[in-house]
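The chain contents come next:
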Amino acid sequence: MGAPTLLERETHMADVRESSNPYENAIQQLDTVAAHIGLDPDIHEVLKYPQRELTVHFPVKLDNGSTRVYTGYRVQHNLSRGPAKGGIRYSPRTDIDEVRALAMWMTWKCAIVNIPFGGAKGGVLCDPRTLSPAESERLTRRYASEIDLLIGPNTDIPAPDMGTNAQTMAWIMDTYSMHHGHTYPAVVTGKPVAIGGSEGRVDATGRGVYIVAREASKRMGMDLKGATVAVQGFGNVGGVAARILHEHGAKIVAVCDAFGGLHNPDGLNIPELMECQRNDGTLTTHAGGDPIGAMELLELPVDILVPAALENQITAANARRIQAKLVVEGANGPTTPVADRILHDRGVVVMPDVLANAGGVIVSYFEWVQDLQSYFWAENEVNVRMEQMMLRAYQEVVAIADRDNIDMRTAAYVIGVQRVADATKLRGIYP
Ligand code: GLU
């Protein structure tokens, strides 16, 4: 790292230091906003900790007849504004601190877009790509049984995240329903539409990323039509965001998946890449561009960068080399607090995860409401209402950023943390 910049030296915010631990980073982000808004120290202390953490070790029979023990987590960070909400990830890298951070980010995300949920997250330490469908089903049903004591339509509502999908949610819904005597569609969101899922849920996170990219570009005087975009990740978030941005005239010059990436300064044919990924399981077999690495992709000279893969991608090590004018976070936690300061200092606008990828949980909220009422909406109605909620949150965040002359993440946290703090104060400390 070079000499500290003026902002780093003279900031009125809490100091930040580089860490690859997402929970430490989540606390640093909270500390920064707590200093900015003068948060009551007692409430600050409460908000630093997850309210509940469950670690489970459970056996799963593999197809070869052997048994393996897997470790899973479910963490509920805060329940002041409603039942806990948040995805479940299957990943060979997850651990309790990652799940704690992701749960805390869900608390802020739900508060920022003003839906009546607290934050939670779950994870199972496994490599989902090496599991057969039958193994995946057995693992999911056993994990669901283990966390049964926490989840429920009124207590904690899981959803898909990295490595999980609508089928995973169907198995969790079925397992929970078998245990509790009748069908409970509202226990999870992101289910298949045929069993109480919502129209529009699959595309919702990517659509929200597009909406935020469009609004932020407009504000920066940048035409989205023809704007160059690099997308790190080509799953349910990055792939859908790339497709919708492409449909609206943006030029997607680079994308990557877990196997590698493709770069073409003239623009990639996103529908073809999606077809290729469906057929080959990866986009890297497509001939439409030159190979590029996931980290190299971040440093391309583009207008808009969408990190939509993992945490800790933009760090103190590469933040000075990011050339994009606008970063729209599709992933949770892709930018470290030190990188945030560097980018802000360099005039790069970062639209934070807690706003930019909130489209998914907004439509999860709609799915939960539809399940509880057994009354289902048309896709257009879902999309229109989601866009209204995203735009309202976007405008509130921008207004705070302008008022206080702060970066968009801190502005989003001002709203989210304040709402959670207010709810905690109003309810009081039990007993
Ligand atoms: N896993 C998604 C997220 O990080 C969705 C959570 C949900 O819909 O509950 O926002």
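One can find the structure itself at the top, above this paragraph.
Residues numbered from 1 in each chain as written. Predicted model: local features only at pLDDT ≥ 70, side-chain atom pairs only at ≥ 80, totals over all residues. Heavy atoms only, no water.

**Some points on the packing of helix 2 (residues 22-37) against helix 3 (residues 41-48)**
For the pair helix 2 and helix 3, interaxial distance at closest approach is 11 Å and the crossing angle is 160 degrees. Put simply, helix 2 runs roughly antiparallel to helix 3. For the crossing formed where helix 2 meets helix 3, the hand is right-handed. Facing helix 2, whose interface residues are Tyr-23, Ile-27, Leu-30, Asp-31 and Ala-34, helix 3 presents His-44, Leu-47 and Lys-48. Of the residues that constitute the contact of helix 2 with helix 3, the class distribution is 5 nonpolar, 1 polar and 2 charged. (Axes fitted to C-alpha atoms, helices over the stretch in contact; angles between N-to-C directions. Helix = DSSP H or I, 4+ residues; strand = E, 2+ residues; numbered from the N terminus. Parallel < 35°, antiparallel > 145°, perpendicular 65-115°, else oblique. Left-handed = near helix turned anticlockwise from the far one by under 90°. Contact = heavy atoms within 4.5 Å. Nonpolar A, V, L, I, M, F, W, Y, C, P; charged D, E, K, R; others polar.)

**Concerning the sheet that holds strand 4 (residues 118-125)**
The strand order 1-2-4-3-5 describes an open sheet built from 5 strands, whose pairing is mixed. The sheet terminates laterally at strand 1 (52-61) and strand 5 (156-160), the two strands that pair on one side only. Strand-to-strand twist of the sheet, defined as the mean angle between neighbouring strand axes without regard to direction, takes the value 25 degrees. Strand direction decides the pairing type here: strand 1 and strand 2 (residues 67-78), joined by 10 bridges, are antiparallel. (Pairing = 2+ DSSP bridges.)

**A look at the sheet that holds strand 8 (residues 260-263)**
Strand order across the open sheet formed by 7 strands is 9-8-7-6-10-11-12, with mixed pairing between neighbours. The open sheet has two edge strands with one neighbour each: strand 9 (290-292) and strand 12 (349-351). Taken pair by pair, the neighbouring strands of this sheet meet at an average axis angle of 20 degrees, ignoring direction. Both strand 7 (residues 251-257) and strand 8 contribute to a ladder of 4 bridges, which runs antiparallel. By the bridge assignment for strand 8, Cys-256 is matched with Gly-261. Sitting on the sheet, helix 8 (residues 238-247) touches strand 6 (228-232), strand 7 and strand 10 (304-307), and the angle it makes with strand 7 is about 165 degrees.

**Regarding helix 6 (residues 166-180)**
Along its 15 residues, helix 6 runs 21 Å from first to last C-alpha, staying within 8% of the 21 Å computed at 1.5 Å per residue. Taken together, the buried positions of helix 6 are Thr-168, Met-169, Ala-170, Trp-171, Ile-172, Met-173, Thr-175, Tyr-176 and Ser-177. On the buried face of helix 6, the contacting elements are strand 3 (84-91), helix 5 (133-146) and strand 5. Remark: Gly-181 follows helix 6 within two positions and exhibits a positive phi of approximately 95 degrees. (Expected span 1.5 Å × (residues − 1). Buried < 20%, exposed > 50% of the residue type's maximum accessible area, 1.4 Å probe, protein only.)

**Topic: helix 9 (residues 270-280)**
Considered for burial, the residues of helix 9 that qualify are Ile-270, Leu-273, Met-274 and Cys-276. Considered in projection along helix 9, the buried side chains sweep an arc of 160 degrees and stay on one side of the axis. Every exposed residue of helix 9 that faces more than 90 degrees away from the buried side is listed here: Arg-278 and Asn-279. Here the buried face of helix 9 lies against helix 8, strand 7 and strand 8. (Arc of directions from axis to C-beta.)

**Brief notes about the nonpolar core**
Membership of the largest hydrophobic core comes to 89 residues, with the highest contact counts inside it found for Trp-108, Val-255, Val-328 and Met-351. The dominant element in this core, judged by the number of residues it contributes, is helix 14 (residues 379-404), at 10 residues. Listed in part, the 23 residues of the second largest apolar core include Leu-54, Leu-62, Tyr-90 and Val-188. (Core = buried A, V, L, I, M, F, W, Y, C linked by side-chain atoms within 4.5 Å.)

**Overview of the environment of Val-193**
By secondary structure assignment, the location of Val-193 is in the loop between helix 6 and helix 7 (201-219). Classification of Val-193 as partly exposed rests on a relative accessible area of 43%. Between the C-alpha atoms of Val-193 and Gly-221, which are 28 residues apart in sequence, the distance is 39 Å. Excluding residues that lie within four positions of it along the chain, Val-193 makes contacts with Ser-198 and Glu-199.

**Remarks on the pairing of strand 8**
Every regular strand shows the same layout, with side chains that alternate between the two sheet faces. Counting the residues between successive antiparallel strands, the hairpin from strand 7 to strand 8 contains 2 residues. In terms of strand pairing, strand 8 meets strand 9 through 3 bridges, oriented antiparallel. Within the sheet, the bridge partner assigned to His-263 lies in strand 9 and is Asp-290.

**A closer look at the packing of aromatic side chains**
Applying the stated rule across the entire model yields 9 aromatic pairs. Here Phe-117 and Tyr-365 contribute two aromatic rings whose centre-to-centre distance is 5.8 Å and whose plane-to-plane angle is 85 degrees, an arrangement assigned as edge-to-face. With Phe-117 in the loop between helix 4 (96-112) and strand 4 and Tyr-365 in helix 13 (residues 359-373), the pair connects residues that are 248 residues apart, well separated along the chain. No difference in accessibility class separates Phe-117 from Tyr-365, as the two residues are buried. (Phe/Tyr/Trp six-rings, centres within 6.5 Å; stacked < 30°, edge-to-face > 60°.)

**Remarks on the environment of Lys-218**
With respect to the element layout, Lys-218 can be found in helix 7. Sequence-wise, Lys-218 and Ser-177 are 41 residues apart; in three dimensions their C-alpha atoms are separated by 46 Å.

**Overview of the site of the ligand**
Surrounding the ligand, one finds 14 residues, the nearest of these being Lys-85, Lys-109, Lys-121, Asp-161 and Ser-364. The separation between a nitrogen atom of the ligand and a polar main-chain atom of Pro-160 is 3.0 Å. Protein chains bury 94% of the 290 Å² of accessible surface belonging to the ligand in isolation. At the level of secondary structure, the elements contributing two or more residues to the shell around the ligand comprise strand 3, helix 4, strand 5 and helix 13. For the shell around the ligand, the per-class residue count stands at 4 nonpolar, 5 polar and 5 charged. (Near = heavy atom within 4 Å. Polar contact = N/O pair within 3.5 Å; in protein donor to acceptor, adjacent residues only side chain to side chain. Areas by Shrake-Rupley, 256 points an atom, 1.4 Å probe, with all protein chains shown as cover.)

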